[in-house]
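Descriptive structure summary
Given next are the chains, with one letter for each unit.
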Amino acid sequence: MNVHSHVERILPTDEAAALLDLTRDIADAELAPCADDFEARGEFPRELLRVLGRTGLLGLPYPEEYGGGAQPYEVYLQVLEELARRWLAVAEAVSVHTLACYPIAAYGSDAQRKRFLPDMVGGELLGAYCLSEPAGGSDAAAMTTKAVREDDHYVVTGTKAWITHAGQADFYNIFCRTGGPGAGGISCLLADAVTPGIEPQARERTMGLRASPVAQIVFDAARVPADRLVSEENRGFRIAMSALDGGRLGIAACAVGLAQSALDYAVAYAREREQFGRPIAQFQGIGFLLADMATQVSAARALVLAAARLRDAGRPYSVEAAKAKLFATDMAMRVTTDAVQVLGGYGYVSDHPVERYMREAKVLQIVEGTNQIQRLVISRSVTKP
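You'll find the protein chain entered in an unreviewed UniProt entry as Acyl-CoA dehydrogenase, with Planosporangium thailandense given as the organism. According to UniProt, the comment filed for the protein chain under the heading Cofactor (unreviewed entry) is "FAD". Turning to the protein chain, the UniProt record has this under Sequence similarities (unreviewed entry): "Belongs to the acyl-CoA dehydrogenase family."

Right under this line is the structure:
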């Protein structure tokens, strides 16, 4: 089956169009042939991430002076979507890595940027973002991981949970308590993964995204040099929330890509599968289902790109990012579920990828802030005096 439809895009520059063509070529040649095998084995495609890094796809929204691509978010998110159409785990890895580069890029000192950013955005170093804890997921301000200053180091003790790239990352952004209770006592430290006392635990056994390692990380009196403090002490919560706004758009773009892939596969199947002497795509029950799926994918894409353009223009976009993440990930869950329905019994077996797409879509409603948290953000914005 020919399962890749053409998505019409309006890109801001010829350079952006060429970048998207490059992304498609790499995704088709390097990602698509490997996805099923790596997911079945639960193996993280670390070398493929290095390939993406060497082609410039791991630092797209960051400045050229540090080796980044200097691309607007509008373009970066469309690259993520194209990657997610071939393999969600890789697209999510790019999104998480981009998120992990953000604290230094946006809040680090000039010296920190010069020292760390080139290797981060160059793709040789893979990043992770340590915010959630076993007892504190949505309530990030209640974190208990603690960092105590001792001479020229911080001694970090505590446990982080649900860390993507745990055990694979080369550096970790650690959000930890350096002051009093609540959001005002949190700082951000940048730590090398090889730091003694940083102890990734056994991988979680996840429903989907099995090629993406997720685990708890225990910090057992890990000593992080004081010059790895990002911004100032007790300013970390603002960094975390600002980073999540961009991260939510990344996950929303991943959701659009996954849903587009499910739609493409369902359409190709419905054209070929015959019942009662004709392709099932000609039956109104199936045709209308596909029409609704296509409309939802397009609507989500438009919402994601509208939020990205606000970000690129330097305008407030937190609420629009929450709307995009909420709508796109709920849409992906619906569309992947409907794709399974189009295939009927064949959709429920691993001979076809739509059952994997459905399992993968579920996590997108949870990561980077659950969709209940997105509704909280949106409802507060529309009801405030």
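Here we take up the pattern of salt bridges. Side chains that differ in charge, positive against negative, can pair when their charged atoms come close. All told, the structure shown has 26 salt bridges when counted by the stated rule. Arginine 309 is the salt-bridge partner of glutamate 74, the closest N and O atoms lying 3.1 Å from each other. In this pair, glutamate 74 sits in helix 4 (residues 73-86) while arginine 309 sits in helix 8 (residues 284-312), placing the two residues 235 residues apart along the sequence. One salt bridge in this structure joins aspartate 227 and arginine 115, with 3.5 Å as the shortest N-O distance. Of this pair, aspartate 227 sits in the loop between strand 7 (214-225) and strand 8 (229-230) while arginine 115 is found in helix 6 (residues 110-122), placing the two residues 112 residues apart along the sequence. Taking the relative accessible area as the measure of exposure, arginine 115 reaches 47% and is therefore partly exposed. In the salt-bridge network here, residues are joined through shared partners; they are Arg9, Asp21, Arg24, Asp28, Glu81, Glu82, Arg85, Arg86, Asp264 and Arg301.

In this structure, Leu77 and Trp87 are the most contacted members of the largest nonpolar core, which totals 73 residues. With 15 residues, helix 7 (residues 236-272) is the largest single contributor of residues to this core. Those residues in contact with tryptophan 87 that lie beyond four places of it in its chain are Leu31, Cys34, Ala35, Phe38, Glu39, Pro45, Leu48, Ala211 and Arg356. Ranked by size, the runner-up nonpolar core spans 27 residues in total, among them Cys101, Leu131, Ala140 and Cys188.

In this fold, aspartate 245 is placed in helix 7. Among buried charged residues, aspartate 245 stands out as having no salt bridge; its nearest opposite-charge side chain is arginine 248, 4.1 Å away. In this view, aspartate 245 contacts Tyr317, Ser318 and Ala321; residues no more than four positions away in its chain are not counted.

Analysis parameters
- Residues numbered from 1 in each chain as written.
- Predicted model: local features only at pLDDT ≥ 70, side-chain atom pairs only at ≥ 80, totals over all residues.
- Heavy atoms only, no water.
- UniProt positions renumbered as here; feature names shortened; annotations may be inferred.
- Salt bridge = Lys/Arg side-chain N within 4 Å of Asp/Glu carboxyl O.
- Helix = DSSP H or I, 4+ residues; strand = E, 2+ residues; numbered from the N terminus.
- Buried < 20%, exposed > 50% of the residue type's maximum accessible area, 1.4 Å probe, protein only.
- Core = buried A, V, L, I, M, F, W, Y, C linked by side-chain atoms within 4.5 Å.
- Contact = heavy atoms within 4.5 Å.
- Lys, Arg positive; Asp, Glu negative; His and termini not counted.

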